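# Per-entry structural report
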Amino acid sequence: MGCRAGWAGWQRCSSGPLGAQIQGCWLEAAARGCGRWWLRWAPPAVLSGKRLVLVLRNGERSPAGRLGMAGHGAYALSRGNPSDTEASLMTTHVSLHMRSPEGPVCARRPSDDEAIAQRAWKAAFPRLEMLSSGEPADESIVVKEGPGTQVILMLTKLFDFNLNSVTESSLWRSTDYGATYQKLNDKVGPKTILSYLYVSPNNKRKIMLLTDPEVESSLLISTDEGANYQKYRLSFYILSLLFHPEQEDWILAYSHDQKLYSSVEFGRRWQLVHEKVSPNRFYWSKMGLDKEPGLIHLESSISEGQALYVTCRLQNCTEANKGKPFPGFIDPNSLVVQDEYVFVQVSTSSHTIYYVSAQRDVFTPMKLPKYTLPKDLHVISTDENRVVAAVREWNQNETYNLYVSEATGVHYTLALENVVSSMGPEGNVMVDLYEVAGIKGMFLANKRLDEQVKTYITFNRGRDWRLLQAPNTDLRGNNIHCVLPYCSLHLHLQVSGNPYTSGNIASKDSAPGIIVASGSIGSELTNGNVSVFITSDAGNTWRQIFDEEYAVLYLDQGGALVAIRHTPLPIRHLWLSFDEGRQWNKYSFTSSPLFVDGVLGEPGEETLIMTIFGHVSHRSEWQLVKIDFRSIFNRRCTEADYQTWHLHDQGEPCLMGVKRIYRKLKPTARCVMGKRYSVTMTSAPCDCTEADFECDYGYDRRTDGKCSPAFWFHASSMSRSCTTGTTFLRSTGYRKVVSNNCTAGVIAEYTSRRQRCPVQAPRGLHLVTREGTLTATLAANVTFLVFLEEGDGSSTSVTLDFGDGHALTYSNVSSVDGGVRHVYKAVGIYRVAASARNHLGSDAAVLYLHVTCQLDYIHLVAPFVAVRNKEVNLTAVLWPGQVGTVTYIWWIGNGSEPIITLEGSVACTFPQEGVTTVTVQVSAGSTILQDRKTISVHEVFRSHLLAFSANLDDHNPEVAEWRLDLSRVIRTSLIQATAVEEEQLLVAVLPGLPTTAEFFLLPDHKPTEGRPESSTAQLDQLSEALLTALNQNLVQFTLRPGVHVTVYSAHLSAAPQVDTSENHSGSAMLMLLSVVVVGLAVFVVYKFKRKIPGLNVYAQMQNEKEQEMISSPESPTDSTPDSQRGLVASSEILDTEFNSRPHVAPARFHRHPLPPRGLAEPASVRS
């Protein structure tokens, strides 16, 4: 399959959850275009800090800068540092020695003993133009405008490694195909630093240059093949561009801040399309599939783990006209739009569901064999109405299995197991699978078998695979004893683990049957002793042509081959073959050895011009040597120079259901085919045999080659859309291989048979949510999907009970394929039940749905002071009060083990005096919030309520921070008026109006030597002193200038005492107040939580039912209520931090089966 704009596939580039790479294209996913340019890098030691940017011809560059395979056989395997290579848009090269700015240099000629003709050298070495004196360039972009033009553009850049940036750039233009060059810096701005160069894929006269965004954000546009430019400022930084495949002026630009812009004027004006767009996840519409040509498919990021698939109009992307083809969230970086298919994936806590839409229809889960259980899945190809997917199954770590689908892309069967894979430099998956150009249905793959990697070949799209027969003789004519299956030929289709070492393969559409690849002979593929092999008959027989690694370039549509040794040493020779690699002639292309950094050829296989670029020494500048091979050929090919060639597989002529006969150049002919040559192929259909059919979904191939039902598959099941009075296709266990054109024969025996739909009872009723989850958000749409595995859907009525008092009944299962929507208005766990019934029977399915809302914050209600060995209540108050299923985790003091409850209240006692810390964490869904309080524990204490002059209420904002500050002021005033020690006095301002507070008198921190009565007496004396000062209006403070507040003793305490013993009869009023408040909050929480029904059961949309596991919380955060929020007025006690004191021993917990009842509801929360 040829390269084209769009998502990466077989010979395309790809990256991401659904994107994979195979040999044939090695570019980042951003470089959606593929070109026909060949490049090979020297090792890093030879590069000397230089780098070359290959510009492809498809209107888009790759900002990541990875260079690789670029079309069938036109390969470019990067050998240098990956950070020093970039891929972009376009190609063609010249002879240039960048040193002095002016003055031509005489062309160098070969020595007399070289075998090349003098006239060939005149054409091969035109005048060399010297570019800038003392102007080194470590990066170069070379562009050939297109077929039929002599214009070449070159952009050179100087990278300063100390500054880590480009400091200079120069733009050069040739109008005589590289004979001379003109520097255009004055036309783009002498101080302008250029970054990238683009050519419109639909109009080669239109050029776009991007400036370095670190200096300025601008672009320059030319409409006359780069002769003149106009500069336009940009308000954003362009990271990548995507040109429309048909409209020459339509461009999409992706910015550094994840915004997508569009232009319909070739970049002169830009309009924002959408924000928060995922990188490289935007696509143009496809004519014939999408409703309008200006439609854009994109993935919009919602949160860290969620995205949306959105369709948008080019110039009018508003919320009103946005489309959402997939009703729900998808995984980030999972949208793939390729050909007639759209793919997304949705992950839940336990598994991932992959969805496909064919012909822009509704999305359907992709059905792999039941127990495939994929850990990873990548779509590789969507050619010819079939999807090829690479799946890493549950028991695989380094290999993938290949699966192929039918036309809808839904049902998949196994094609090949354990295909070798590796990770690319950017984390992208690279699969060792290569589609041979020019021959439909032919592939090569590297498979791991018994810890050995072997190369296999197929001629029928993966239906059958076999090993490669090794050559009979080596390069020197010695016999090779290699017997199948113990020994065979193995090829480097993709370098596993290291894409910068040897390993390449090439084939051409214009040269069917010719494949050149490096590899080894033996029991397995090795990286040592690499040789180069060629086949002229599509892999039936192979010949060794070099015993070390060489790079091979196709000339004249495969009529000639050029080979250059790949070595870190300088070279001056190349090899040329006119007979499909049987004989090679050695030529010199330079008089001085050159470190070869790469080779470039003209666009297309018909090229007879190539450019070798490199440098003479490690410190020299780039040198480009243009070689024109046209002079070597003295005539054009005639009909007598061609012969017929019959494609076959080890003698079998019927491949993919036809016999194919190709018209090829004779190996002995030495003539030019030219651009008007086209491959001619005639075909005749064959009778169908069993070899033309592969196993259908749910069937496995046995050792005898027959397909039988898998143990998990119910062969009697039929389409759920089957209705009484209509027919359906019952599988025979086979389906014809895609694109197979056989006729007659056994076609009737193996083709699915049409039968009438029987009337039967409903069986296999499934009920799931569209997202495949068991949770829903309050007040949001929930879409339920109901379907049958078997039964007449048209005569079956379905009742769907949503569990909240609402139900729906409809009579045709298929009439609501889009799902049933429902909105829940209250938090809870709902039992959603579906029942299907007809006159023959019924079936039912149940789903327990958790409806939740976001937990905003929590507040821990706890007493400030507690009596030793007296039980106190701790309560967590939530806002909002009902958020769904909640788990409470309680940490007391230094205890290492928490107490976990489903209730928001616990009771505990504290056995030792001191200060202890209580922390509660509340887990609701993926949210965890916490609050913390400190409690002072004593044997005895005294407390009393305080009142204030009325003017204080006018300045009470009812926020916790204000109460904390006021508590410190009151405490200071009490100490000043009575000389009470600071350690013995605590003050808490209570929430609500009128403003009230309470003071606590604590025992002296000094040891009482076993005389608690002395502590009690001392507390009584201090209490009397404080009350006396309060009654005499001696306690006052200034709130603000002009606002003086007097503190009084309240006549009655707010609640009875907690400690009812004689010793505490006058001082424990606050304790019971705390208990009352705690009970109040717990009652409210409990009152609502009792309404939540019970169990958690999960049913998924697969053939088996599994138990759903509740995921652990992901992002625990501390609760920090906003300073302007009030808390529940009757249940909040002041947040007071105590001085550091020794921690007490862990408290003893008591779980209350029921919270206190009969209490009033708490006051409303202030905003």
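Structure first, text after, so check above.
This write-up is about the structure you can find in this document. Computed from a prediction, not measured in an experiment: that's the story for all the values here. (Residues numbered from 1 in each chain as written. Predicted model: local features only at pLDDT ≥ 70, side-chain atom pairs only at ≥ 80, totals over all residues. Heavy atoms only, no water.)

This part is about the packing of aromatic side chains. Overall, the coordinates contain 28 aromatic pairs when judged by the stated rule. Measuring from centroid to centroid gives 3.8 Å for Phe 236 and Tyr 261, while their planes differ by 5 degrees, and the two rings are stacked. Residue Phe 236 is located in the loop between strand S14 (230–233) and strand S15 (238–243), and its partner Tyr 261 is located in strand S17 (residues 260–263); the two are separated by 25 residues in the primary sequence. Taking the relative accessible area as the measure of exposure, Phe 236 reaches 4% and is therefore buried. (Phe/Tyr/Trp six-rings, centres within 6.5 Å; stacked < 30°, edge-to-face > 60°. Helix = DSSP H or I, 4+ residues; strand = E, 2+ residues; numbered from the N terminus. Buried < 20%, exposed > 50% of the residue type's maximum accessible area, 1.4 Å probe, protein only.)

Moving on: the pairing of strand S28 (residues 399–405). When you tally the buried positions in S28, you get seven out of seven residues, the bulk of the element. Of the two faces of S28, both are covered, the one formed by Thr 399, Asn 401, Tyr 403 and Ser 405 as well as the one formed by Tyr 400, Leu 402 and Val 404. Note that strand S27 (residues 388–393) and S28 share four bridges and pair antiparallel. Paired with Ala 389 across the two strands is Tyr 403, which belongs to S28. Between S27 and S28, which pair antiparallel in sequence order, lie five residues. Examined bridge by bridge, S28 and strand S29 (residues 412–423) share six bridges and lie antiparallel to one another. (Pairing = 2+ DSSP bridges.)

Our focus in this paragraph is the sheet that holds strand S16 (residues 251–255). Here we have four strands laid out as an open sheet, ordered S15-S16-S17-S18, and antiparallel in their pairing. For this open sheet the edge positions go to S15 and strand S18 (271–274), each flanked by a neighbour on one side alone. Between one strand axis and the next, the sheet turns by 30 degrees as a mean value, whatever way the strands run. In this sheet, S17 lies alongside S16 in antiparallel orientation, the contact comprising four bridges. Looking at S17, one finds that Ala 253 is bridged to Tyr 261. (Axes fitted to C-alpha atoms, helices over the stretch in contact; angles between N-to-C directions.)

Moving on: empty space enclosed by the protein. By the definition in use, this model includes 16 cavities of 30 Å³ or more. In terms of lining residues, the largest cavity is bounded by 15 residues, among which Ile 514, Gly 558, Gly 559, Glu 580 and Leu 665 are the most central. Those elements that place two or more of their residues in the lining of the largest cavity are strand S37 (511–522) and strand S49 (658–665). Element by element, the count of residues in the lining of the largest cavity is highest for S37, at three residues. (1 Å grid on protein atoms, 1.4 Å probe; cavity = no way out; pocket = protein on both sides within 12 Å on 5 of 7 lines; lining within 4 Å. Points joined across faces, edges and corners; volume = space filled by probe spheres on them.)

When charged atoms on two side chains of opposite charge get close, those side chains can pair. Per the counting criterion, the structure on display carries 31 salt bridges. Of the charged contacts, one joins Asp 704 and Arg 702 as a salt bridge, the two residues approaching to 3.0 Å between their closest N and O atoms. Put simply, Arg 963 and Glu 958 hold a salt bridge, and the shortest N to O gap is 3.4 Å. Residue classification places Arg 963 among the buried positions, given a relative accessible area of 2%. According to the relative accessible area criterion, Glu 958 is buried, its value standing at 8%. Taken together, the shared-partner salt bridges in this structure form one network comprising Arg 463, Asp 464, Glu 690 and Arg 701. (Salt bridge = Lys/Arg side-chain N within 4 Å of Asp/Glu carboxyl O.)

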